[in-house]
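Examining the three-dimensional arrangement
Take a look at the letters that make up each chain.
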Amino acid sequence: MTRTSEEGSPGVPGDARERPGEERLAELLAFLRRRLTGEYEVDEFGFDPELNDKVLLELLRPFYRHWFRVETSGLQNVPAESGALVVANHSGTLPVDALMLQVALHDEAHRPVRLLGADLVYQLPVLAHLARKNGHTLACPEDADRLLRKGELVGVFPEGFKGVGKPFSDRYKLQRFGRGGFAASAIRAGVPIIPCAIVGAEEIYPKVGDVPALARLLGLPYLPITPFFPWLGPLGLVPLPSKWLIEFGEPIMTDDYDPIDADDPMLVFNLTDQVREAIQSRVDALRLRRGPAFPSLF
């Protein structure tokens, strides 16, 4: 129940101090009751908005606010309600940038983003279950089209493992954007493409080497070596506290295209290249604006 200002007045000694703790406890008990009785909603993709907000994102917010100190800009370019496709650069050895993007859009733009994930994510039972609960789904045209036509905000990282697994020497150089499937999906749905530049992820796990033979044995796209992993064991998995900037660029509109244009390879290639160049340009500008990755050390 929402409390009025009169209820929060100092008429009852200690009431204003005690109520927040009481409310948090009441919310927790109500949350647990709903989970135990099944009184919560999950959509056709497995997205559980309440669990996502109250548990999964709550675990990520300390990293977002205090560890990486993320600053966002260009939020006015994210539609308040209608469908759109957020296209971002990908880096960092582990896909922490995807999680920080999700927090940014949920907490700053007040919209859940439905991220499209690689096949590997959905081949691991626990990770696949959590990804679905978190609102993510498989990176395939069918799922992307359904979500966009429903008016959802969909996020994609076209560089895939080529981006997130590139060596530190190639930091902030965008890799190839695949075959442009994301551009075709945006054209078919007639939704805008929002270029998103993320600066900060490159420094959290500087990848200085790889063990390809062991990676193949484990079925992984790569097995990284960083200055701290595997040398420090589990401690080497703690990300370095780099300073992050996330910027949402001006929308690239697709509503002038006919849905059949999604089958034109040259048109799709040109649109894909336009988006990639827009992101690379903003990544370069943001990197200059941020300065050192670890400003507290300088």
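Residues numbered from 1 in each chain as written. Predicted model: local features only at pLDDT ≥ 70, side-chain atom pairs only at ≥ 80, totals over all residues. Heavy atoms only, no water.

In the annotation of an unreviewed UniProt entry, the entry for the protein chain reads Lysophospholipid acyltransferase family protein, and the organism field reads Microtetraspora malaysiensis.

Next up on the list: the pairing of strand E2 (residues 84–88). When you tally the buried positions in E2, you get five out of five residues, the bulk of the element. When E2 meets strand E5 (residues 153–156), the two strands line up parallel, connected through four bridges. In the sheet register, Leu85 faces E5, and the bridge partner there is Val154. Here four bridges tie E2 to strand E6 (residues 193–199), and the two strands are oriented parallel to one another. Among the inter-strand pairings, Val87 is bridged to a residue of E6, identified as Pro195. (Buried < 20%, exposed > 50% of the residue type's maximum accessible area, 1.4 Å probe, protein only. Helix = DSSP H or I, 4+ residues; strand = E, 2+ residues; numbered from the N terminus. Pairing = 2+ DSSP bridges.)

Moving on, we get to the packing of helix H5 (residues 141–149) against helix H7 (residues 181–189). Between H5 and H7, the least distance of the axes is 9 Å, while the angle of their chain directions is 35°. You can see that H5 and H7 cross each other, and the crossing is right-handed. When H5 is examined against H7, the residues Pro141, Ala144, Asp145, Leu148 and Arg149 are found in contact with a partner set consisting of Ser185, Ala186, Arg188 and Ala189. Grouping the constituent residues of the contact of H5 with H7 by class yields five nonpolar, one polar and three charged. (Axes fitted to C-alpha atoms, helices over the stretch in contact; angles between N-to-C directions. Left-handed = near helix turned anticlockwise from the far one by under 90°. Contact = heavy atoms within 4.5 Å. Nonpolar A, V, L, I, M, F, W, Y, C, P; charged D, E, K, R; others polar.)

The next subject is the UniProt feature "domain: Phospholipid/glycerol acyltransferase" (unreviewed entry) in the protein chain. Following the UniProt record, one finds the feature "domain: Phospholipid/glycerol acyltransferase" (unreviewed entry) at residues 84–201. From the first C-alpha to the last, residues 84–201 spans 24 Å; its make-up is 37% helix and 19% strand. (UniProt positions renumbered as here; feature names shortened; annotations may be inferred.)

Here we come to the sheet that holds E6. One open sheet holds the seven strands; their spatial order is E1-E9-E6-E2-E5-E3-E4, and the pairing between them is mixed. What marks the edges here is a single partner per strand, and that holds for strand E1 (71–73) and strand E4 (137–138). Pairing of strand E3 (residues 113–117) with E4 involves two bridges; the strand directions are parallel. Note on E4: the bridge partner recorded for Leu116 is Thr137. Contacts between helix H9 (residues 265–290) and the sheet are confined to E1, E2, E6 and strand E9 (245–248), with E6 contributing the most and set at about 35° to the helix.

Within helix H4 (residues 125–133), burial applies to Ala128, Ala131 and Lys133. At the C-terminal side of H4, Gly135 shows a positive phi close to 100°.

All right, on to the pattern of salt bridges then. A complete count under the given rule lists 20 salt bridges for this structure. Between Glu50 and Arg34 there is a salt bridge, with its nearest N and O atoms 2.4 Å apart. With Glu50 in helix H2 (residues 49–67) and Arg34 in helix H1 (residues 15–37), this pair connects stretches of sequence that are 16 residues apart. The buried category is assigned to Glu50, whose relative accessible area is 18%. Arg35 is the partner of Asp48 in a salt bridge, and the nearest nitrogen-oxygen pair spans 2.4 Å. You can see Asp48 sitting in the loop between H1 and H2 and its partner Arg35 sitting in helix H1, a full 13 residues away along the chain. By relative accessible area, which is 0% here, Asp48 ends up buried. Where salt bridges share partners, they join Arg34, Arg35, Asp48, Glu50 and Lys133 into one cluster. (Salt bridge = Lys/Arg side-chain N within 4 Å of Asp/Glu carboxyl O.)

By the secondary structure assignment, Leu28 is in helix H1. When the C-alpha atoms of Leu28 and Lys54 are compared, they prove to be 9.4 Å apart, with 26 residues separating the residues in sequence.

Further remarks concern a nonpolar patch on the surface. A cluster of nonpolar residues, Phe63, Trp67, Phe228, Trp231, Leu232, Leu235 and Val238, forms a patch on the protein surface that exposes about 720 Å² of accessible area. By relative accessible area, which is 35% here, Phe63 ends up partly exposed. (Patch = residues over 30% accessible without salt bridge, like charges linked within 9 Å, V, L, I, M, F, W, Y side chains within 5 Å. Areas by Shrake-Rupley, 256 points an atom, 1.4 Å probe, with all protein chains shown as cover.)

Turning next to the environment of Phe177. If you trace the backbone, Phe177 turns up in the loop between helix H6 (160–164) and H7. You can call Phe177 buried: its relative accessible area is 4%. Remark: the alpha-carbon pair of Phe177 and Asn52, spanning 125 residues in sequence, is separated by 29 Å. Contacts of Phe177, omitting those with residues within four sequence positions, involve Val87, Pro158, Glu159, Phe182, Thr272, Val275, Arg276 and Ile279.

Here we take up unusual backbone geometry. Residues Phe229 and Pro230 are joined by a peptide bond in cis, for which omega reads 10°. Tracing the backbone through its elements, the reader meets Pro230 in the loop between strand E8 (224–225) and E9. Residues other than glycine seldom take positive phi values, yet Thr93 does so here, at roughly 70°. Inspection of the secondary structure assignment puts Thr93 in the loop between E2 and helix H3 (96–107). A positive phi is found at Tyr172, a non-glycine position, where the angle reads about 65°. One can find Tyr172 in the loop between H6 and H7.

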